[in-house]
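Chain by chain, the residues:
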2 protein chains.
Amino acid sequence: MTVAPARLRIVVLGGGTGTFTVLTGLKYHELDISAVVSTSDDGGSTGILRSELGVLPPGDIRQCLVALSDGDEILRRMFNYRFSEGSLSGHNFGNLFLTVLEKVCKHPLEAVRQAHNILRERGQVIPVSEQATQLFARLVTGEVINGEHAIDETTVKRAPIDRCFIDPEIEANPDAIDAIRKADAIVMGPGDLFTSLIPVILVGGIVDAICESRATRILVTNLVTKHGQTDGFKASDFCRVVEEYIGPAKLDRIIVNTSEPPPEVLKAYEEAEDQLVVDDLGHDTRRIFRAPLISDRMSKKVAGDKLKRSVLRHDPAKLATAILESISPDRTTDALGRNA
Amino acid sequence: MTVAPARLRIVVLGGGTGTFTVLTGLKYHELDISAVVSTSDDGGSTGILRSELGVLPPGDIRQCLVALSDGDEILRRMFNYRFSEGSLSGHNFGNLFLTVLEKVCKHPLEAVRQAHNILRERGQVIPVSEQATQLFARLVTGEVINGEHAIDETTVKRAPIDRCFIDPEIEANPDAIDAIRKADAIVMGPGDLFTSLIPVILVGGIVDAICESRATRILVTNLVTKHGQTDGFKASDFCRVVEEYIGPAKLDRIIVNTSEPPPEVLKAYEEAEDQLVVDDLGHDTRRIFRAPLISDRMSKKVAGDKLKRSVLRHDPAKLATAILESISPDRTTDALGRNA
């Protein structure tokens, strides 16, 4: 009798577009994938459903479910549908679906489990907690910004973030702890550092699980800075902040993009006061993994979408390959051979 | 090689609660069931979705889909879920589902077909037309009431309805025509006469199909009159009105309830100015089929439901049995032997 080799267990922490990209790329590989997803989103459709109906914020969970879905293409398109007219304008159908599923199932985690059957998931989407919470950001000036959405979407110039915290302090879903403890690799980023990744890490029990896990801890640095969150950040700043939050654990791998975006895209970012993230990580070939990772397809704004979306994205397939190569036991070079 | 006997083809015309009851009862029999459903609903959640998003009115289609669904119990409960709090209050999730499905599929009939797969239907739900229309009622005073919802829900005393019509005059969906032409039995009622059944019959091509079909034409008379629609109606009035609209076709069978409702229920109806429908159909044993048909389970108002619902209902199983016995070739008695 032969035993099939155990699949590599990869846990992705976050929520939002960056996590969607990672999951979309990873799902085509033979892996045991889990996404541990933030429950602190309070913006847009999610914010309304959460405050009016008391459900677990559905937005990030929905994005991860769609990313890992192997189900009916029509159902996936429905989950991504956003109303652009009438009194429902701005609501995302997937969010409504998860809201009603929670109402029918009576329990948020049971609702997410049921959604796995309906969407035929190729992995596990695990809310980081069965409770919602609120994210706060204390700026270096002492000012406190209340709510993930307010932190995420700023139009005015703002002092740098000193520290994020959550209130109420919620405890992690045991399934999330379990997935992290058993993981072979933990992937953090890309995505909004303070409003997607950090809210997961802040949940009670998650840092301990990250520290206790024997997993390779991977950070994918962002392509561009985000106004109001990571202004002026270089690659080393992303690493430093993440290590502040996951301490005493350290990052084992840092994945950095090497390709140059088209000049017209760069210009658009500069007008929005965002810049390409400068790679200042030096020559630690054991930790740093460099590869060209920018997607050739520029993302477009979705009709009815109230959020400003960036157009520069990681390519899901290239990113997944980079993640897997970075943890390959026989790795001596990166995808381009630059660290050889 | 043996050939399985062809299943009896039954077409139910209408929409709304009465049609739901008929379909719920029939689906447990080995039949080829179709529901040809009104597209003139303009009330509540359906009215908002129709006017704001330009979709085919989903409410009646949704009810019929749920009635004939053999799918996942959770999905069926979701389809019946009505928001009772917040800005979505009054919206039914099944209506939202069908709306988004139509937006994703781009065509209303394709959306309904896709819904069949998702809900695993035990029959066909066929919108009477691929277009929506508006129902009008001309009263005997000459006054015209505009819209199904306005006709359906009246609080003031109103003159009797002289004639209903639709505008725009829409053409029937060829699948609806085909189902009626090939049917062995056509079931009309129970349900709101002028706002569920007549709007189907008024669609271009439906009367011709009913007249050309070799089907047994069955009317199930209502248990109670409805204030503003059928005040003072006896069983013969229901038959007369239906034959006015389907003429020159005639009704072949009329199914009438014989059981008495509990006195406290009668009292509640009388306070709402509705009465039990009096059976004045005489002794035509070939046409009239009598049986005790009232459900022991009294329906309750659903939270968030803006419509007034009647509590006296036909029992789905008893009604289905009555319908099938009424068209049985060896019928000499009704279920109680009263016409023997």
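Here the structure is shown first, and the text comes after it.
A brief look at the structure comes next. (Residues numbered from 1 in each chain as written. Chains lettered and ligands numbered in written order. Predicted model: local features only at pLDDT ≥ 70, side-chain atom pairs only at ≥ 80, totals over all residues. Heavy atoms only, no water.)

1. Observations regarding the sheet that holds strand 10 (residues 288–291) of chain B
All names here are of chain B. If you walk across this open sheet you meet the seven strands as 3-2-1-7-8-9-10, and the pairing is parallel. Both edges of this open sheet fall to strand 3 (124–127) and strand 10, since each of them pairs with a single strand only. Strand-to-strand twist across the sheet, computed as the mean angle between neighbouring axes with direction ignored, equals 20°. One ladder, built from four bridges, connects strand 7 (residues 185–188) with strand 8 (residues 216–220); its direction is parallel. In the strand pairing of strand 8, Val 187 is matched with Ile 218. (Pairing = 2+ DSSP bridges. Helix = DSSP H or I, 4+ residues; strand = E, 2+ residues; numbered from the N terminus. Axes fitted to C-alpha atoms, helices over the stretch in contact; angles between N-to-C directions.)

2. Notes on unusual backbone geometry
Cis peptide bonds are those with omega within 30 degrees of zero, and the linkage from Asp 167 of chain A to Pro 168 of chain A qualifies with 5°. With an omega of 0°, the peptide bond between Gly 189 of chain B and Pro 190 of chain B qualifies as cis. Here Pro 190 of chain B shows up in the loop between strand 7 and helix 9 (193–201). For Lys 106 of chain A, which is not glycine, the phi dihedral falls at a positive 75°. Structurally, Lys 106 of chain A is set in the loop between helix 5 (93–105) and helix 6 (108–119). Residue class for Lys 106 of chain A comes out exposed when judged on its relative accessible area of 70%. (Buried < 20%, exposed > 50% of the residue type's maximum accessible area, 1.4 Å probe, protein only.)

3. Considerations on the side chain of Ser 45 of chain B
All names here are of chain B. Checked against the element boundaries, Ser 45 lands in helix 2 (residues 44–53). A distance of 3.3 Å separates a polar side-chain atom of Ser 45 from the backbone nitrogen of Asn 92. Leave out the neighbours within four places in its chain, and Ser 45 touches Arg 82, Gly 90, His 91, Asn 92 and Asn 95. (Polar contact = N/O pair within 3.5 Å; in protein donor to acceptor, adjacent residues only side chain to side chain. Contact = heavy atoms within 4.5 Å.)

4. Some words on helix 5 (residues 93–105) of chain B
Here helix 5 of chain B spans 18 Å end to end across 13 residues, near enough to the 18 Å set by a 1.5 Å rise per residue. Burial analysis of helix 5 of chain B places 12 of its 13 residues in the buried class, which makes it a mostly covered element. In this structure, the buried residues of helix 5 of chain B make contact with helix 4 (73–80) and helix 5 of chain A together with helix 2, helix 3 (58–68), helix 4 (73–80) and helix 6 (108–119) of chain B. N-cap assignment for helix 5 of chain B: the residue whose side-chain oxygen lies 2.7 Å from the backbone N of Gly 94 of chain B is Asn 92 of chain B. (Expected span 1.5 Å × (residues − 1).)

5. Details of the interface of chain B and chain A
In this complex, chain B contributes 26 residues to the contact, which on the side of chain A involves 26 residues. Between chain B and chain A, a total of about 2500 Å² is buried, with carbon and sulfur atoms accounting for 75% of that surface. There are two salt bridges connecting chain B and chain A. Seen at the junction of chain B and chain A, the total is four residue pairs in polar contact (both at pLDDT 80 or more). Counting residues per element, the ones that place at least two in the side of chain B that touches chain A are helix 2, helix 4, helix 5 and helix 6 of chain B. For the side of chain B that touches chain A, a count of residues per class yields 17 nonpolar, five polar and four charged. (Buried area = accessible area lost by both parts, 1.4 Å probe. Salt bridge = Lys/Arg side-chain N within 4 Å of Asp/Glu carboxyl O. Nonpolar A, V, L, I, M, F, W, Y, C, P; charged D, E, K, R; others polar.)

6. Quick notes on the relation of the copies chain B and chain A
Superposing chain B onto chain A takes a rotation of 180° plus a shift of 0.0 Å along the axis, which leaves an RMSD of 0.0 Å. The superposition operator between the copies reduces to a two-fold rotation axis. Here 100% of the interface residues in chain B have copies in chain A that are interface residues too; the copies meet face to matching face. (Least-squares fit on C-alpha atoms with pLDDT ≥ 70 in both.)

7. Some remarks on the sheet that holds strand 3 (residues 124–127) of chain A
Residues and elements named next belong to chain A. Read from one edge of the open sheet, seven strands run 3-2-1-7-8-9-10, paired in parallel fashion. The strands lining the two open edges of the sheet, one partner per strand, are strand 3 and strand 10 (288–291). Strand-to-strand twist in this sheet, taken as the mean axis angle between neighbours without regard to direction, amounts to 20°. In this structure, strand 9 (residues 253–257) lies alongside strand 10, joined through four bridges in parallel fashion. Bridge pairing in strand 10 places Val 256 opposite Arg 290. In this fold helix 1 (residues 16–26) packs onto strand 1 (8–14), strand 2 (31–37) and strand 7 (185–188), with an angle of close to 160° to the strand it touches most, strand 1. Here helix 11 (residues 235–246) sits on the sheet and contacts strand 7, strand 8 (216–220) and strand 9; the angle it forms with strand 8, its principal contact strand, is near 140°.

8. Observations regarding the pairing of strand 4 (residues 134–139) of chain B
Within a regular strand, side chains alternate between the sheet's two faces. Residue and element names in this part refer to chain B. Alignment of strand 4 against strand 6 (residues 161–167), held across six bridges, turns out to be antiparallel. Bridging across to strand 6, Leu 139 finds its partner in Ile 161. Bridge analysis of strand 4 against strand 5 (residues 144–146) gives three bridges, and the strand direction is antiparallel. In the strand pairing of strand 5, Arg 138 is matched with Val 144.

9. What to know about helix 8 (residues 174–182) of chain B
Residue and element names in this part refer to chain B. Buried within helix 8 are the following residues: Ala 176, Ile 177, Ala 179 and Ile 180. Seen from one end, helix 8 has its buried residues packed into an arc of 165°, which puts them on one side. Put simply, Asn 173 is the residue that caps the front of helix 8, since its side-chain oxygen is 3.0 Å from the backbone nitrogen of Asp 175. (Arc of directions from axis to C-beta.)

10. With respect to the environment of Phe 289 of chain B
With respect to the helices and strands, the residue Phe 289 of chain B is situated in strand 10. When the C-alpha atoms of Phe 289 of chain B and Glu 325 of chain B are compared, they prove to be 8.8 Å apart, with 36 residues separating the residues in sequence.

11. Here we look at the pattern of salt bridges
Residue and element names in this part refer to chain A. Scanning the entire structure with this criterion turns up 36 salt bridges over all chains. The shortest N-O distance in the salt bridge between Lys 157 and Glu 273 comes to 3.6 Å. Taken together, the positions of Lys 157 in the loop between helix 7 (148–152) and strand 6 (161–167) and Glu 273 in the loop between helix 12 (263–271) and strand 10 put the pair 116 residues apart, joining distant regions of the chain. Taking the relative accessible area as the measure of exposure, Lys 157 reaches 72% and is therefore exposed. Residue classification places Glu 273 among the partly exposed residues on the basis of a relative accessible area of 40%. The salt bridge partner of Asp 178 is Lys 182, with a shortest N-O separation of 3.1 Å. With a gap of four residues between them, Asp 178 and Lys 182 both fall in helix 8 (residues 174–182), about one helical turn apart. In this structure Asp 178 comes out as partly exposed when scored by relative accessible area, which is 37%. Among the residues examined, Lys 182 registers a relative accessible area of 46% and is labelled partly exposed. The network of salt bridges with common partners includes Glu 110, Arg 113 and Asp 175.

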